[in-house]
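# A structural walkthrough
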Amino acid sequence: MLQYSLKRLLQGLVTVWFIATATFFAMHLVPGDPLTSDKAVTPDIRANLEAKYGLDKPLFTQYTIYLGNIVRGDFGISFTQKNREVNDIIREHFPVSATLGLLAILFAALGGVLWGALTALFRNRLPDIIIMFLVILGISVPSFVMAALAQLSLVNINSMFGVTVLPVGGWGTVAHMIAPSLVLGLGTMAYLTRLMRSSMLEIVNSDFVRTAKAKGLPATRIFSKHQLRNASLPVITVLGPAIASITTGGFVVELVFAIPGLGRYFVQAVQQLDYTVIMGTTVFYGAFLVFMVIAVDLVYGLIDPRVRLK
Amino acid sequence: MTDVVVDESSFVRAAGRQLLLYAFLTIVGFALIMFLLDAAARLAGSNTGSTNAVDVATKSITLALAEEPPQLDSTRTTDQISGMVLGHIMEGLLRDDAQGNIVGGVAESWEMDGNGALFHLRSDASWSDGQPVTAQDFVFSWRTVVNPATASEYAFIMFFVKNGEAINQGKLPITDLGVEAIDERTLKVTFERPLTFFEKVVTFKTFLPIREDFFQQTNGRYGADADEMLYNGPFRITSWVHGASLRLDKNEHYWRRNEVRLNTIHFGYITSDANATLNFFKDGKIAQTGLSPETLSVGLEQRWNINQFQDGGVFFIEFNHRPGRLTQNLNLRKAMQLVNDPGELVNKVTKIPGYLPGSSLFPTYLDGVKDKFRREHPAPEIVPDVAAARHHLELARQELKLDKWPALTLLSGDNPISNLQAEYYQAVFKDKLGLDVKIDKQIFKQRLAKMTSGEFDLVMAGWGPDYEDLLTYGDLFASWNLNNRGRYASDEYDALVRTAQNSTDQTVRVAAFARMQELLNEDVVILPNYEKGAAYVTHKQLKGVVRRVIGSDPDYTYAWVDGAAE
Amino acid sequence: MSQVLPPLSAADLAPVAVEQVAEVLTRPSLSYWQDAWIRLKANRRALISLWIVIALLLFTLLGPLLWTVDPSLQDLDQLSQPPGVDRTAILVLPYIPWHGESLDDPKDSTTDRLHIVGAADSQAVRLRWNHDLAAVGGYRIYRNIFPIGVEQAYGLPLVMSIRETWFEDRLDLKPRPYFYTVISLNELGEQVGEAQTIEVSLQRVITIEEARKRGLIKAGASPAIGTAVEIKLHPLGTDYLGRDLLARLMHGAQVSLFIGIVAPFLYVLMGVAYGAVAGFLGGAVDGLMMRFADFVVALPFLLFMILFKIMFGIGPGESGILPMLVAMIILSWPGTARLVRGQILQIREEGYIGASRLLGAKTPYLVMRHMIPNTMGVILVTLTFAVPSAIFTEAFLSFIGMGVAPPTPSWGSMCNEGIKTMLTTPHELIFPALLISITVLAFNLLGDGLRDALDARMRSRE
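Rules used throughout
Sequence order sets the numbering: in each chain, residues are counted from 1 along the sequence as written. As they are written, the chains are lettered A onward and the ligands numbered 1 onward, keeping that order. At least 70 in pLDDT is required for a residue's local features to be given in this predicted model, at least 80 for side-chain atom pairs to be given and counted, and no such filter applies to totals for whole chains, interfaces and linings, which use all residues. Values shown for side chains rest on all heavy atoms present in the structure; no hydrogens or waters enter the calculation. The helix and strand labels rest on DSSP assignments: H or I over at least four residues marks a helix, E over at least two residues marks a strand, and numbering proceeds from the N terminus. Working definition: with a 1.4 Å probe on protein chains only, accessible area under 20% of the residue-type maximum means buried, over 50% means exposed, and in between means partly exposed. By the convention used here, residues are in contact when the closest approach between their heavy atoms is within 4.5 Å. Only the protein chains shown count as cover for residues, with accessible areas throughout obtained via the Shrake-Rupley method and a probe of 1.4 Å. In this description, buried area is defined as the sum, over both parts, of the accessible area (probe of 1.4 Å) that is lost when the two are combined. Criterion for a salt bridge: a side-chain nitrogen of Lys or Arg within 4 Å of a carboxyl oxygen of Asp or Glu. Here a polar contact means two N or O atoms within 3.5 Å. Within protein one must be a hydrogen donor candidate and the other an acceptor candidate, and residues neighboring in sequence count only if both atoms are side-chain atoms. Lys, Arg, Asp and Glu make up the charged group, whereas Ala, Val, Leu, Ile, Met, Phe, Trp, Tyr, Cys and Pro make up the nonpolar group; the residues left over, Gly among them, are polar. Residues belong to one nonpolar core when they are buried, are Ala, Val, Leu, Ile, Met, Phe, Trp, Tyr or Cys, and are joined through side-chain atoms within 4.5 Å. Should DSSP find at least two bridges between two strands, the strands are regarded as paired. Helix axes are fitted to C-alpha atoms over the stretch in contact, other axes to C-alpha atoms as well, and angles between N-to-C directions run from 0 to 180 degrees. An angle below 35 degrees is treated as roughly parallel, one above 145 as roughly antiparallel, one from 65 to 115 as roughly perpendicular, and anything else as oblique. Note on convention: near helix rotated counterclockwise from far helix by under a right angle means a left-handed crossing. Clockwise means right-handed. Planes of paired rings set the category: under 30 degrees apart is stacked, over 60 is edge-to-face and the rest tilted, where pairs are Phe, Tyr or Trp rings (Trp by its six-membered ring) whose centres lie within 6.5 Å. For patch detection, residues must exceed 30% relative accessible area and be free of salt bridges, and they are connected within 9 Å for like charges or within 5 Å for nonpolar side chains (Val, Leu, Ile, Met, Phe, Trp, Tyr).

For the rest of this paragraph, the subject is the overall build of chain C. Assigned secondary structure in chain C consists of 13 helices and 10 strands. The buried share of chain C, taken over its 462 residues, is 54%. Pairs at least 24 residues apart make up 73% of the contacts formed inside chain C by residues separated by at least 6 positions. A total accessible area of about 22200 Å² is found for chain C, and carbon and sulfur atoms account for 64% of it.

So, in structure tokens, the structure goes:
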């Protein structure tokens, strides 16, 4: 197991290096640069700016300088937030996105497993139909509509009760976390419900369940130990990348609820062509994603003894 | 093969009970996690605070910012939000009062003629650490602005001061800048060329003072955090949680502190989503927010106190005058001019209150000789005339020797309003002239890149004023100006700009601007769209907020909380 | 006495003819796919989804032939109209700017309190009032859509301060009642004296030229000013630029359905192939393939979309649907690949795979006949979810300039626009969102039906 983990970590590092390189060159290929602004600057000022930020050097030189800096842990200073180091940006804002994302995943996973099992159990009856209807709504309504509607409902609820039931925005206390993480997790919850239902239905008809029933095992034991556990396997497979994508995709929710997360920086950096922030966040997220995948693979191997990890 | 012996429905019931048990355990588990998280968050202390919009007892207000101020180092600031924050925490030689007049700030009195100015600083102006603001502080900061190593994008505004441009190009040392501290409280400024409106220029944020010893000890981190700045304005930053909130408290060392009636300004939310800030306002969490045409009815329904103001931006469609472009042909431009109906655009398409239909490059709020420029020299009124437009179009087609008109490109950004306009104009040109106009949508930086390289026929453009004089708009289409993206070049226009730059007689200058306005119309350099405005709502208990076209906007330094208002 | 047995002849040693009675099957033998097809046809959910898909296809393909309104025709007199609105309009002369001149109206005087000059209609509302000596700072005009109550909520200020004693309002005038208020200001800009209020109900109007251009008047007819005409019917209302919503939905369906069905189908296909190969081969090959998938997922989506747009050389204003399709496929397949690989890893170890192999089955047979059908459940779920995701990704890409160019509509971008006016004119958001939901429902049901039909374990059940 240890050897396997080490091997995977090494592969992960190589993957991250590829990601960084591809992004670096893609970034420079796109027209425009962080120094172009609405009010044009004179060629002299422009030359000064380029010299200051090292953008006047040939591309490959910039690349090697940048790689050298990353190895030392220096991601540079943001071009748009002119006095903040990228390290600080990631360090201060990632925990917020992570908390939001983890809570969202928790909602999504637990909710998905529960609803999915429920619909599989009561297949084609009322609970199934209601939940399926909600799932359809959940995936066909885009996240920005959900977030806006959620916030609007909160405002109305607050005014109805005359007191702040839940804050409509901002960050800091647990109360601030509930609404945004629910909204963020909804899409994934719908997906996991569907997935869970599908795999539960397969298991319900499978041989080992029939055997268990024939053996006379108690229903609860069959349900929890055999059905739920096996049906959850695909859900776990999805969880790894889902965690990564939710943590990065929180952009809309962070915007609507005024949450100081990393997602906003990630998106705005591309629009502003803020080279250092693009590179910093991409490398960081890349590493995070790779790590998540490794973790999930290890967990998978632990849960399902049949899957041999080489 | 018969099915299993176990009764199916009893299985389902048992399984259902099991699920219920799991659901219950999950909820309990959640509550536990929430509790733990709450405790952890309190320890971390990154609470943005659940303050209300207006607190009468503590004389504090809560507001939202559209984004985190990117640059609080006044020598390098370029954007509006940083400018607004700086306007509250710093003060320059002169300031704008509540009525918009220019009065003394750090400078108590001053003398000025066409060649230079002498400022006498007041004795009680001090920094937030108690030390007095001296003339050397201005000399240091102004020199830092033009220093090529600083690479300040707004260095050009210092070119009004003698040798500013030469220093910025590296031709002279920074000590040659035309600013000198005669003594601790006297500042002498020499102009590059004769100037009448330096008062209007020096209120700009780039001219703010910075104390040299403090700046050096921040080691390049000046402006990065609350404790990496020294304040001489009505407020100081007491807490800055990046990306989340900014808290300003009253500066007890400010010389006018007895007139400042707010104790705290808390920027508790940072988001650019207008719907979100509207929700915060509705929830009673912030004291001011903007209104869009869609949310206007919400404001009316809630009986909010709605206000409106012109924010000074002038928006237009710019033509590409480079050789080889179809739009270089005057008749084509005239055809488009005759189907341009800014009234329809403003009243039916954008529908934002405060937008004035555009008729000139020069906006309505700028002064002429004695009255507003646009009253003394009204803009030419173009009445849309489709028949005449088609006639010009036909002339253009013959001049360009075309059988059929090819498609033209209209470059647009990712701003929803400019997209709306672009779609509207596409239909207008198609409908009335039969021209096929393709919309080229680009994101911000790519749009700028294309504008600079000239890859467009028409582009949705705009301009905001840097200082309160007609020249900030007038020189836009001088052939040497890099912001003249369409590369319009006219010797007569250039000569007029030089007159306006070099003359000290306002009558002569205004006459030059009047002729510029005529030329822009005759040569159809641009198609005016509108002068931008905005509608906004304010909390009933917040009074005295000043909105400005130029200068820090909004300005809360003259505001107060009125507990009696209901 | 002993019997003499006859000697054995060759005939005695000839093999006995084997009589075999073949098992008579009570029903014909069905292959896996034949069985699945039969069950699919009988499945109720699949049938419903089939009807929905047929309806959508008819809407997309036949719709524009039946409802021939141009989806890009802007009608600035009918902005954001919800369906079912009163459609009469009065004919008027074209708009002429008013500068406070006195019109041919005996009721118009300069000494009267706040009053309307001329007709008040959706073209312009002209106000005039008497001069107030106390109004040193000028006058301010407000407009409200609700009556001014005791709170004196005047509403929206149309202009903050003017010196003249007349004003023309043209801002977003709708045929409904409005409440105008004029207040006098002192030199500090504060209200002085009493406010004057007037209520006016606006009439919808249209110029003769406009009416003629839209075909509302018969050619050759010369109706008089003041006659009523009926303006165009828009069954589902109009959007923010006055374009017919039904026509836009029909044309948008072509783009959205094409992208929403083809893109997910293709990238799921690619993901399945990739994941199956990786899962089955295992070992180092699996490792390498999965690391490449990780690499693709971690790339910043927006940045590479912009790059693709430039690489494909999409000209300004051209619809780059094919490049967008390619880009979406390239960047979205890893999710499915990983999922399928996980399933394959599990299935690979099942007993029947080993048994099958012992019986001499080759790899392609194993993969196609045993493994992939058993991952169907998971694949179908992913496919269902990929559809709305693709539609919204297309909307996002069109927004940044890749994909369809304006004025070509698509359901996703209509949703994007509709959300801005969600509070005031929800129909702009509801209709495209509804169509997207119906599409998702159809694929959801189809997925359910397919899974029921293809599930090998249910094969002998029904």
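Let's shift gears to the overall build of chain B. When you go through chain B residue by residue, the secondary structure sums to 17 helices and 20 strands. Taken across its 566 residues, chain B has 58% of its residues classed as buried. Considering only contacts in chain B between residues 6 or more positions apart, those separated by 24 or more positions represent 67%. Per element, the accessible surface of chain B, about 21800 Å² overall, is 51% carbon and sulfur.

Across the contact, 74 residues belong to chain A and 77 residues belong to chain B. Considering only the surface of chain A that becomes buried against chain B, Lys39(A), Asn83(A) and Lys213(A) emerge as the three largest contributors, covering 12% of it. Applying the counting criterion to the chain A and chain B interface returns one salt bridge. The shortest N-O distance in the salt bridge between Arg84(A) and Glu68(B) comes to 3.7 Å. Inspection of the region where chain A meets chain B yields 12 residue pairs in polar contact (both at pLDDT 80 or more). Looking at the side of chain A that touches chain B, the elements that each hand over two or more residues are helix H2 (43–53), helix H4 (86–121), helix H6 (143–161), helix H7 (174–204), helix H8 (207–215), helix H9 (219–248), helix H10 (251–256) and helix H11 (262–272) of chain A.

On to the interface of chain C and chain A, then. With 50 residues of chain C at the contact, the number on the chain A side is 58 residues. Interface area for chain C against chain A, summed over the two sides, is near 4800 Å², with a carbon-plus-sulfur share of 68%. The largest per-residue losses of area from chain C upon contact with chain A belong to Arg291(C), Leu303(C) and Phe385(C), which jointly make up 14% of the total buried on that side. In this structure, the connection of chain C to chain A is made through zero salt bridges. Counting every contact that joins chain C to chain A gives four residue pairs in polar contact (both at pLDDT 80 or more). When residues of the side of chain C that touches chain A are traced back to their parent elements, those giving at least two are helix H7 (283–298), helix H8 (301–311), helix H9 (321–348), helix H11 (363–399) and helix H13 (427–454) of chain C. For the side of chain C that touches chain A, the element with the most residues is H13(C), which contributes nine residues. The residue makeup of the side of chain C that touches chain A, split by class, is 26 nonpolar, 10 polar and 14 charged.

In this section: the nonpolar core. Core analysis: the largest hydrophobic core is formed by 327 residues, its most contacted members being Ile89(B), Leu93(B), Trp142(B), Leu187(B), Phe198(B), Phe207(B) and Phe477(B). Here this core gets 17 residues from one element, more than from any other, and that element is H4(A). What Ile89(B) contacts, discounting residues up to four positions off in sequence, is Met229(B), Tyr231(B), Asn232(B), Gly233(B), Phe235(B), Arg236(B), Ile237(B) and Leu248(B). Leu326(B), Ala396(B), Trp405(B) and Val524(B) belong to the second-largest nonpolar core, a separate cluster that totals 39 residues.

Moving on, we come to the sheet that holds strand E7 (residues 179–183) of chain B. By way of backbone hydrogen bonds, the strands of a sheet pair with one another, either parallel or antiparallel. Residue and element names in this part refer to chain B. Spatial ordering of the open sheet is given by E5-E6-E8-E7, a layout of four strands whose pairing is antiparallel. Of all strands in the sheet, those bounded by a partner on one side alone are strand E5 (107–112) and E7. Strand-to-strand twist in this sheet, taken as the mean axis angle between neighbours without regard to direction, amounts to 20 degrees. Bridge analysis of E5 against strand E6 (residues 116–121) gives five bridges, and the strand direction is antiparallel. When the bridges of E6 are listed, Met-112 appears paired with Ala-117.

Quick look at unusual backbone geometry now. The residue after Asp553(B), namely Pro554(B), is reached through a cis peptide bond having omega -10 degrees. Mapped onto the elements, Pro554(B) comes out in the loop between strand E19 (542–543) and strand E20 (560–561). Phi angles above zero are rare outside glycine, and Leu273(A) is one such case at about 55 degrees. Mapped onto the secondary structure, Leu273(A) falls in the loop between H11 and helix H12 (275–303). The exposure class of Leu273(A) is buried, given its relative accessible area of 0%.

Quick look at H8(C) now. Residues and elements named next belong to chain C. H8 sits mainly inside the fold: eight of its 11 residues count as buried. Every buried residue of H8 is listed here: Leu-302, Leu-303, Phe-304, Met-305, Ile-306, Leu-307, Phe-308 and Lys-309. Positive phi appears at Gly-313, one or two residues downstream of H8, with a value of about 60 degrees.

Residue and element names in this part refer to chain C. Where H11 contacts helix H12 (residues 411–418), the axes come no closer than 7 Å and their chain directions differ by 70 degrees. As the angle between them shows, H11 and H12 are arranged roughly perpendicular. For the element pair H11 and H12, the recorded crossing hand is right-handed. Note on element contacts: H12 touches H11 through Gly-412, Ser-413, Cys-415 and Asn-416, opposite Ile-391, Phe-392, Ala-395 and Phe-396. Of the residues that constitute the contact of H11 with H12, the class distribution is five nonpolar, three polar and no charged.

Attention now moves to the environment of Gly101(A). Locating Gly101(A) in the fold gives a position in helix H4. On a C-alpha basis, the gap between Gly101(A) and Gly250(A) in space is 7.4 Å, while along the polypeptide they are 149 residues apart.

Before going further, it helps to spend a moment on the packing of aromatic side chains. Residue and element names in this part refer to chain B. Enumeration over the complete set of coordinates arrives at 43 aromatic pairs over all chains. For the pair Tyr-269 and Phe-280, a centre-to-centre distance of 4.4 Å together with 25 degrees between the ring planes defines the contact as stacked. Of this pair, Tyr-269 sits in strand E11 (residues 264–270) while Phe-280 sits in helix H7 (residues 274–282); the two residues are 11 residues apart in sequence, bridging distant segments of the chain. For the pair formed by Tyr-269 and Phe-280, the shared burial category is buried. Ring geometry for Tyr-355 and Tyr-530: centres 4.5 Å apart, planes at 35 degrees, overall tilted. Residue Tyr-355 is located in the loop between helix H10 (342–350) and strand E14 (356–357), and its partner Tyr-530 is located in strand E18 (residues 526–538); the two are separated by 175 residues in the primary sequence.

Moving on to the packing of helix H5 (residues 126–140) of chain A against H11(C). Across the interface, H5(A) lies against H11(C) with an axial gap of 9 Å and an inter-helix angle of 30 degrees. Comparing the axis directions of H5(A) and H11(C) gives the class roughly parallel. Counting all contacts with H5(A), which are made through Val135(A), Ile139(A) and Ser140(A), the residues of H11(C) involved are Phe385(C), Pro388(C) and Phe392(C). Looking at the contact of H5(A) with H11(C), its residues break down into five nonpolar, one polar and no charged.

Below, the discussion takes up the sheet that holds strand E7 (residues 177–185) of chain C. Residue and element names in this part refer to chain C. Spatial strand order, E5-E4-E7-E8: four strands in an open sheet with antiparallel pairing. Each edge of the open sheet carries a strand with a single partner, namely strand E5 (156–162) and strand E8 (191–201). Averaged over all pairs of adjacent strands, the angle between strand axes in this sheet comes to 15 degrees, irrespective of strand direction. Pairing between strand E4 (residues 138–144) and E5: four bridges, direction antiparallel. Across the sheet, residue Ile-141 finds its bridge partner in E5, namely Val-159.

In this section: the pattern of salt bridges. Evaluated as defined, the whole model comprises 45 salt bridges over all chains. A salt bridge links Arg163(C) to Asp371(B); the nearest nitrogen and oxygen atoms lie 3.6 Å apart. Of this pair, Arg163(C) sits in the loop between E5 and strand E6 (166–169) while Asp371(B) is found in the loop between E14 and helix H11 (373–376), placing the two residues in two different chains. Between Lys543(B) and Asp562(B) there is a salt bridge, with the nearest N and O atoms lying 3.3 Å from each other.

Residues and elements named next belong to chain C. Residues Leu-47, Leu-50, Trp-51, Ile-54, Leu-58, Leu-62, Leu-65 and Leu-66 make up a contiguous nonpolar surface patch of about 850 Å² in total accessible area. Of all the secondary structure elements, the ones that give two or more residues to the nonpolar patch are helix H3 (44–61) and helix H4 (63–66). Topologically, Leu-65 is positioned in helix H4.

Further remarks concern helix H14 (residues 444–453) of chain B. What H14(B) keeps buried is the set Lys445(B), Gln446(B), Arg447(B), Leu448(B), Lys450(B) and Met451(B). Looking at the residues trailing H14(B), positive phi occurs at Gly454(B), about 80 degrees.

Fair warning: the whole summary comes from geometry, so function is off the table for now.
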